[in-house]
Amino acid sequence: MKSRILGVFKMRGGGFLAAGLIIVITIILLSLLADVITPYSPIKRVGDSFIPPSWEHPFGTNKLGMDMFARIVYGGRTVLSVVILATILSMSIGTALGLISGYVGGKLDRGLSFIMDSIYVFPSLILAIAITAVLGPNIINAIIAIGIIYIPTYFRMVRGQTLQIKASLFIEAARSIGADSLRIMVKYILPNLLPTILVVFSMNAADAILTEAGLAFLGYSVPPPTPDWGFELQVGVNYILSGYWWLIFFPGLMVTLLAMGFALIGEGLTDILNPREVT
Amino acid sequence: MDGEVALYTEDLGVRYYIQRGVVKALDDVNFRLYKASLTGVVGESGCGKSTLGRAIIRVLPPNGEITSGRIIYNGVNIVELSEEEMRKLRGREIGLVMQDPMTSLDPLMSVKDHLLETILEHIEVSRDEALKMAEEALSSVGLSRELLKSYPHQLSGGQRQRVAIALATVLKPKILIADEPTTALDVIVQKKVLDLIEDLMRELSLTVMLITHDIALAAERADYIGVMYAGHLVEYGRVDQVIEDPQHPYTQLLLKSVPDIENISMVQSIPGLPPDLVNPPPGCRFHPRCPYKMDICIREEPKMIEVGEGHYVACLLRRR
Amino acid sequence: MGKLANYLVVRSLLAIPTILVLVTLVFILMRLTGDPIAAMVGMKAPPEVIAELRHKAGLDLPIHEQYIRYITGVFTGDLGKTLLYDRPVIKDILDHFPATLELTIYSFIISVLIGVFTGTVAAINQGKFEDVLMRFYGIFTYAIFIPWFGLLLQMVFGNWLGIIPIGGRLSAYISPPPFITGLYTIDSLLTGRLDAFFDALRHLIGPSFTLGIVLSGSYTRIVRANLVDILSQDFITAARARGLRDSLVIKHALKNALIPVITLMGLEFAILLTGAVLTETTFSWNGLGSYLVDMIRNSDYIAVQGTVVFFAIFVSIISVIVDALYAIIDPRIRY
Ligand SMILES: Nc1ncnc2c1ncn2[C@@H]1O[C@H](COP(=O)(O)OP(=O)(O)OP(=O)(O)O)[C@@H](O)[C@H]1O
Ligand SMILES: [Mg+2]
């Protein structure tokens with residue numbers, strides 16, 4: 001309520017976006033270049049058990065004497081591939097259904113929206129657990145489970161926007177020159193949706209990372225020797241009392257950092273794409 | 001003969017800070033309100049009328065600030081008052097009614113709670129006495145006490161504006177600033193609300209500052225008129241002086257733009273647009289649109305000069 | 001009030017289709033692979049065992065009969081019997097539910113308090129350092145991985161500083177209070193068991209702060225956004241122009257800004273339950289989330305189905321309650 005605020009009024013999304021991109025790109029590079037970055041294998045004993053962080057082993061070693069840094073950079077590959085494939089799955093299905101539902105309207109629209117809304121309000125991790133439990137815990141099913149639970153996120157957004165765009169004049173114009181429905185949806189509506197899809201994608205990627213890590217923490221992602229951050233944490237639970245903090249701190253930090261990177265990108269993009277100027 | 005001055009400003013300046021830069025919303029404004037009279041403030045949209053009204057009661061938006069000048073009320077420069085001292089003046093000595101009655105009441109509070117809250121914040125009375133004051137305030141604006149229990153969404157626009165006026169006058173302030181109080185209302189209700197303000201003025205010997213973009217309305221209701229352009233007060237005087245003998249080219253054009261019942265075809269709007277106040281034109285801010293522009297107008301900023309008794313104008317044409 | 005009651009009844013009836021959709025979804029989901037029992041028990045199990053389990057679960061019936069039995073069960077509170085211990089699933093659920101409820105209630109309160117505080121600080125300092133800091137807080141907490149945060153709390157405050165217990169709902173040397181509501185903090189107060197009350201409270205600190213802090217970020221963001229919007233509205237200027245104190249003006253603004261937050265609470269509740277599963281597992285909290293995870297480990301398909309259905313119904317009921325709250329608080333809503 002102070003009546004005086006001097007200088008720059010509001011931070012632009014630029015800072016958030018840059019910070020997010022730096023975090024995400026760094027983590028992607030680390031995992032892609034894992035072989036170059038670390039000399040150690042992520043699944044072989046490389047030294048004593050439970051060595052605290054040191055120059056030799058920056059993130060320490062675990063019970064089996066594996067290098068935690070190696071496990072984490074290689075683990076990034078698991079996390080990133082699950083999350084990227086899953087979000088592509090939910091994005092394509094959600095966008096397609098949302099576009100059709102919004103464009104066609106009527107009973108189909110009402111039915112689909114109702115189902116999607118019902119899924120949307122359901123606790124996502126519980127649904128993901130149930131799906132992987134039924135399909136069996138492995139990496140493909142983790143992708144399917146995470147892919148399914150986030151379909152409504154894209155559906156709702158795309159449907160809403162489609163309704164708006166459909167009402168606008170240029171769609172009328174396209175129709176009057178005889179463009180068919182499919183063409184209108186793909187050529188005229190879809191391009192207009194891209195900015196919003198981009199924002200939803202980055203926020204959703206953050207959610208998907210946390211869900212993947214949650215599944216892995218509960219033991220429903222990849223089978224044990226393969227490194228995966230969430231799973232490392234489940235192992236770490238046993239060492240609270242022994243004080244082997246590095247077994248817990250680093251894997252969880254990576255999950256949080258990566259999720260935060262995407263959330264920052266989402267926040268920045270939101271600011272940039274719909275700038276609300278303070279008058 | 002002119003009456004006593006209730007409030008005046010001296011070289012008042014207000015700035016808004018936005019991303020693009022600094023909005024010079026008011027500069028060197030020397031404005032006055034005479035006791036128990038009605039002063040109209042007119043000008044096109046964006047010329048700083050609301051800013052002046054809000055600066056006087058010191059409720060500028062969070063990114064706005066009074067950067068220079070003084071506002072003298074009862075011999076005190078209220079720009080220098082602490083926030084707490086100023087708060088005690090608001091509502092009690094100076095009241096404000098805003099343009100849009102639809103949005104100026106808290107949607108979650110009943111009329112009664114609005115009134116009680118205002119009364120109890122300023123004076124020490126029992127709830128019962130406060131309630132009586134609230135009822136009186138409502139009846140003085142022509143509303144029945146039945147409405148006390150209503151919430152804003154249950155009232156019509158005219159009723160809401162009356163409630164807003166009741167709120168601004170319940171503590172019998174000396175000055176009422178009405179910022180386009182009737183713009184959002186239909187013509188018949190407009191007239192009633194203005195009549196109501198005039199009634200209250202007589203009853204409470206209120207000093208009224210009526211902000212409006214409608215110079216015809218000001219001509220009809222006001223005793224004094226101030227004309228604003230791009231953050232400057234360009235002309236000020238008694239209503240007869242300003243309306244019958246306008247001295248500033250801008251005032252003349254404003255008057256010509258009024259639809260005339262006998263001669264509708266004569267209406268001309270002023271060509272061009274008011275300037276961007278982040279980068280106002282140098283010299284006289286009106287020169288880009290002025291039909292009598294001289295070379296000097298681009299270089300020199302005109303100061304207010306007295307052209308008749310109590311009639312001031314800021315134009316280089318009038319300089320002797 | 002008659003009208004309000006009417007509205008509530010109608011709104012509750014409207015929840016039934018939602019529940020039906022969710023419950024049907026769970027039904028389809030459980031049969032996606034064709035044979036959930038085989039998927040869960042694994043291919044190694046002898047065929048007779050699988051056949052017996054299938055019979056017990058009613059999976060040998062035609063699919064529409066299974067569906068009818070299932071739906072009837074759901075609406076009569078019969079969620080079947082666990083494959084492993086042959087206990088009614090609903091009984092297990094009701095045994096574990098109070099622990100989850102207690103955890104979620106405390107976490108919810110913590111998240112709303114922190115969220116409203118941080119959001120308000122951000123909004124009234126719009127554009128300043130505090131604002132940027134709070135926005136960052138919102139993003140950071142949104143991204144926190146619950147088990148990580150929980151384990152760090154356990155390590156720092158439990159193991160190193162020794163001020164909170166590492167896990168569980170009650171110390172081993174304290175006997176649980178008599179069952180009234182199943183919420184230890186309430187039951188112990190009702191029966192005057194102060195020792196149990198303080199012990200239960202101490203055990204709640206870790207998990208409820210973990211979950212509460214993680215969820216608070218969403219409230220920070222929405223409270224800030226709403227409040228910034230409301231603070232720029234005319235009625236706030238009008239309130240200030242009437243000479244109301246800043247604290248009173250902020251109260252006006254906050255009241256208005258919090259109304260949309262109620263809607264968020266409904267959605268947040270789903271996230272709260274998701275978080276509860278992870279929090280419970282992290283803190284060995286014997287609630288419904290832990291139960292669900294255990295039952296999946298035991299491949300108890302009937303129990304899993306029942307628990308998921310229960311969650312679905314619970315979420316629907318919460319959304320009815322949220323709408324009812326909305327209707328009671330906001331005078332503009334006409335029912
Ligand atoms: N909060 C603000 N931040 C930045 N600039 C502002 C703000 N409020 C007003 N302005 C600018 O200050 C100038 C004066 O605005 P003001 O609202 O006082 O004009 P007005 O004469 O009341 O116009 P109207 O007739 O449209 O109400 C305008 O250029 C406007 O854009
Ligand atoms: Mg105005």
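Scoring rules and cut-offs
- Per-chain numbering applies: the sequence of each chain, read as written, is numbered from 1 onward.
- Both sets of labels track the order of writing: A upward for chains, 1 upward for ligands.
- Selection of residues for local features in this predicted model requires a pLDDT of at least 70, selection of side-chain atom pairs for listing and counting requires 80 or more, and totals for whole chains, interfaces and linings are taken over all residues.
- Water and hydrogen atoms play no part in the side-chain values, which are based on all heavy atoms of the structure.
- Comment: elements are numbered from the N terminus, with helices defined as DSSP H or I runs of at least four residues and strands as E runs of at least two.
- Under the scheme applied here, a residue whose accessible area is under 20% of the maximum for its type counts as buried, over 50% as exposed, and between as partly exposed, the area being computed with a 1.4 Å probe on protein chains only.
- In what follows, a contact means two residues having at least one pair of non-hydrogen atoms within 4.5 Å.
- The protein chains shown are the only cover counted for residues, whose accessible areas, like all others here, come from Shrake-Rupley with a 1.4 Å probe.
- Here the positive residues are Lys and Arg and the negative ones are Asp and Glu; neither His nor the chain ends is included.
- The location of each charge is read from NZ of Lys, CZ of Arg, CG of Asp or CD of Glu.
- Radius of gyration: C-alpha atoms only; globule rule: 2.2 Å multiplied by the number of residues to the exponent 0.38.
- Remark: nonpolar core denotes a set of buried residues (Ala, Val, Leu, Ile, Met, Phe, Trp, Tyr, Cys) joined through side-chain atoms within 4.5 Å.
- For the domain bounds, the source is a domain assignment made automatically or taken from a database.
- Residue-level confidence of the predictor is what pLDDT reports, using numbers from 0 through 100.
- Once two parts are put together, the accessible area they lose, assessed with a 1.4 Å probe and summed over both, is termed the buried area.
- Just to be clear on terms, a salt bridge is a Lys or Arg side-chain nitrogen sitting within 4 Å of an Asp or Glu carboxyl oxygen.
- Pairing of N or O atoms within 3.5 Å defines a polar contact, subject to two protein rules: one partner must be a possible hydrogen donor and the other a possible acceptor, and residues neighboring in sequence count only if both atoms are side-chain atoms.
- Any two rings among Phe, Tyr and Trp, with Trp reduced to its six-membered ring, count as a pair given centres within 6.5 Å; such a pair is stacked if its planes are under 30 degrees apart, edge-to-face if over 60, and tilted if neither.
- Only when DSSP finds a minimum of two bridges between them are two strands counted as paired.
- Axes here refer to lines fitted to C-alpha atoms; in helices the fit is confined to the stretch in contact. Angles between the N-to-C directions go from 0 to 180 degrees.
- To count toward a patch, a residue needs a relative accessible area above 30% and no salt bridge. Like charges then connect within 9 Å, nonpolar side chains (Val, Leu, Ile, Met, Phe, Trp, Tyr) within 5 Å.
- For a helix, the expected span equals 1.5 Å multiplied by the residue count minus one.

Helix and strand counts for chain A stand at 11 helices and zero strands. For chain A, the succession of helices and strands along the chain, N to C, is α-α-α-α-α-α-α-α-α-α-α. Along the three orthogonal principal directions, the C-alpha set of chain A runs to about 75 × 55 × 40 Å. Here chain A holds 279 residues, and 53% of them are scored as buried. Restricting the contact set of chain A to residue pairs at least 6 apart, pairs at least 24 apart contribute 72%. As presented, chain A carries roughly 11800 Å² of accessible surface, and 70% of it is formed by carbon and sulfur atoms. The distance from the centre of the 18 positive side-chain charges to the centre of the 15 negative ones in chain A is 9 Å.

Turning next to the overall build of chain B. In terms of helices and strands, chain B carries 10 helices and 13 strands. In terms of overall dimensions, chain B is globule-like: its C-alpha atoms have a radius of gyration of 20 Å, near the 20 Å expected for 320 residues. In terms of overall dimensions, chain B has a C-alpha envelope of 65 × 50 × 45 Å along the principal axes. Across the 320 residues of chain B, 56% fall into the buried class. Expressed as a percentage of contacts within chain B between residues at least 6 apart in sequence, the contacts between residues at least 24 apart total 64%.

Turning our eyes to something else, we now look at the nonpolar core. Grouped together as the largest cluster of nonpolar side chains are 128 residues, with contacts concentrated most on Leu258(A) and Phe145(C). Considering each element in turn, this core owes the most residues, 14 residues, to helix H11 (residues 246-273) of chain A. Structurally, this core is a two-domain feature, drawing no fewer than three residues from each of domain 1 (1-84 + 301-335) and domain 2 (89-297) of chain C. With near-sequence residues (within four places) excluded, Leu258(A) lies in contact with Val24(A), Ile27(A), Val79(A), Leu80(A), Ile209(A) and Trp229(A). With 102 residues, the next largest nonpolar core counts Leu12(B), Cys47(B), Tyr224(B) and Phe286(B) among its residues.

Here we take up the confidence of the model for chain A. All names here are of chain A. Chain-level statistics for chain A give a pLDDT mean of 82 and a share of 93% at 70 or above. Confidence over residues 1-11 falls short of pLDDT 50; this stretch has 33 contacts with residues more than four positions distant or in other chains. Below pLDDT 50 for its whole length, residues 275-279 participates in 10 contacts with residues either more than four positions away or in separate chains.

This part takes up the environment of Lys81(C). Residue and element names in this part refer to chain C. Among the structural elements, Lys81 can be located in the loop between helix H4 (63-76) and helix H5 (89-124). Lys81 sits 10 residues away from Lys91 along the chain, and the two C-alpha atoms are 9.3 Å apart. Excluding its chain neighbours within four sequence positions, the residues that come into contact with Lys81 are Asp86, Arg87, Pro88, Val89 and Ile302.

On the chain C side, the residues contacting the 56 residues of chain A number 55 residues. For the pair chain A and chain C, the two sides together bury roughly 5200 Å², of which 77% comes from carbon and sulfur. Our enumeration of links across chain A and chain C arrives at two salt bridges. Where Glu267(A) meets Arg221(C), a salt bridge forms, and the shortest distance between an N and an O atom there is 2.9 Å. Across the contact surface, chain A and chain C share eight residue pairs in polar contact (both at pLDDT 80 or more). Sorting the residues of the side of chain A that touches chain C by element identifies helix H4 (106-120), helix H5 (124-135), helix H9 (181-218), helix H10 (229-236) and H11 of chain A as the ones contributing at least two each.

A few words on the packing of aromatic side chains. The way to describe two aromatic rings as a pair is by their centre distance and the angle between their planes. Inspection of every chain in the model, using the stated rule, returns 21 aromatic pairs over all chains. Plain terms: the ring middles of Tyr244(A) and Trp246(A) are 5.5 Å apart, the flat faces sit at 45° to each other, and that makes the pair tilted. For Tyr244(A), a relative accessible area of 24% corresponds to the partly exposed category. Consider the rings of Phe197(C) and Phe198(C), whose centres lie 5.2 Å apart with planes at 70°: the pair is edge-to-face. Judged by relative accessible area, which is 13%, Phe197(C) ranks as buried. The exposure class assigned to Phe198(C) is partly exposed, which follows from its relative accessible area of 48%.

Residue and element names in this part refer to chain B. The mixed open sheet is built from eight strands, whose spatial order is E7-E8-E9-E4-E10-E11-E13-E12. The strands lining the two open edges of the sheet, one partner per strand, are strand E7 (94-97) and strand E12 (305-308). Strand-to-strand twist across the sheet, computed as the mean angle between neighbouring axes with direction ignored, equals 20°. Across five bridges, strand E8 (residues 175-179) lies against strand E9 (residues 207-211) in parallel orientation. Among the inter-strand pairings, Leu176 is bridged to a residue of E9, identified as Val208. Strands in contact with helix H1 (residues 49-57) are strand E4 (38-42), E7, E8, E9 and strand E10 (224-229); relative to E9, the strand with the most contacts, it is inclined by about 150°. The strands touched by helix H6 (residues 187-204) are E4, E8 and E9; relative to E9, the strand with the most contacts, the crossing angle is about 160°.

Attention shifts here to a nonpolar patch on the surface. On the surface, a nonpolar cluster with roughly 640 Å² of combined accessible area is contributed by Leu21(A), Ile25(A), Leu29(A), Leu32(A), Leu33(A), Val36(A) and Ile37(A). As for its position among the elements, Leu29(A) is in helix H1 (residues 13-32).

Counted according to the given criterion, the structure contains 30 salt bridges over all chains. In this structure, Glu10(B) engages Arg70(B) in a salt bridge whose closest nitrogen and oxygen atoms are separated by 3.1 Å. You can see Glu10(B) sitting in strand E1 (residues 5-18) and its partner Arg70(B) sitting in strand E5 (residues 64-73), a full 60 residues away along the chain. Note on Glu10(B): relative accessible area 28%, which makes it partly exposed. Note on Arg70(B): relative accessible area 37%, which makes it partly exposed. Here Arg242(C) and Glu117(B) are joined by a salt bridge, their closest N and O atoms 3.4 Å apart.

To continue, consider the pairing of E9(B). All names here are of chain B. Summarising burial for E9: five of the five residues are buried, a large majority. Burial along E9 is two-sided: Thr207, Met209 and Ile211 and Val208 and Leu210, pointing in opposite directions, are all buried. Relative to E9, E4 runs parallel, the two sharing four bridges. Along E9, the bridge assignment pairs Thr39 with Met209.

What follows is about the environment of Asp207(A). Looking at the element boundaries, Asp207(A) is found in helix H9. A relative accessible area of 23% places Asp207(A) in the partly exposed class.

Next up on the list: H6(B). In an α-helix, one full turn covers 3.6 residues, which means residues spaced three or four apart are oriented alike. Residues and elements named next belong to chain B. Its 18 residues give H6 an end-to-end C-alpha distance of 26 Å, which sits within 8% of 26 Å, the value for a rise of 1.5 Å per residue. Every buried residue of H6 is listed here: Val193, Leu194, Leu196, Ile197, Glu198, Leu200 and Met201. Where H6 is buried, its residues touch E4, helix H4 (127-140), helix H5 (157-169), E8, E9 and helix H7 (215-221).

Residues and elements named next belong to chain A. Residue position: Thr132 is located in helix H5. A distance of 2.8 Å separates a polar side-chain atom of Thr132 from the backbone oxygen of Ala128. In this structure the side chain of Thr132 is engaged in a polar contact, spanning 3.0 Å, whose partner is the backbone oxygen of Ile129. Once you skip the residues sitting within four places of it in the chain, Thr132 turns out to touch Pro137, Asn141, Ala142, Ala145, Leu215 and Tyr220.

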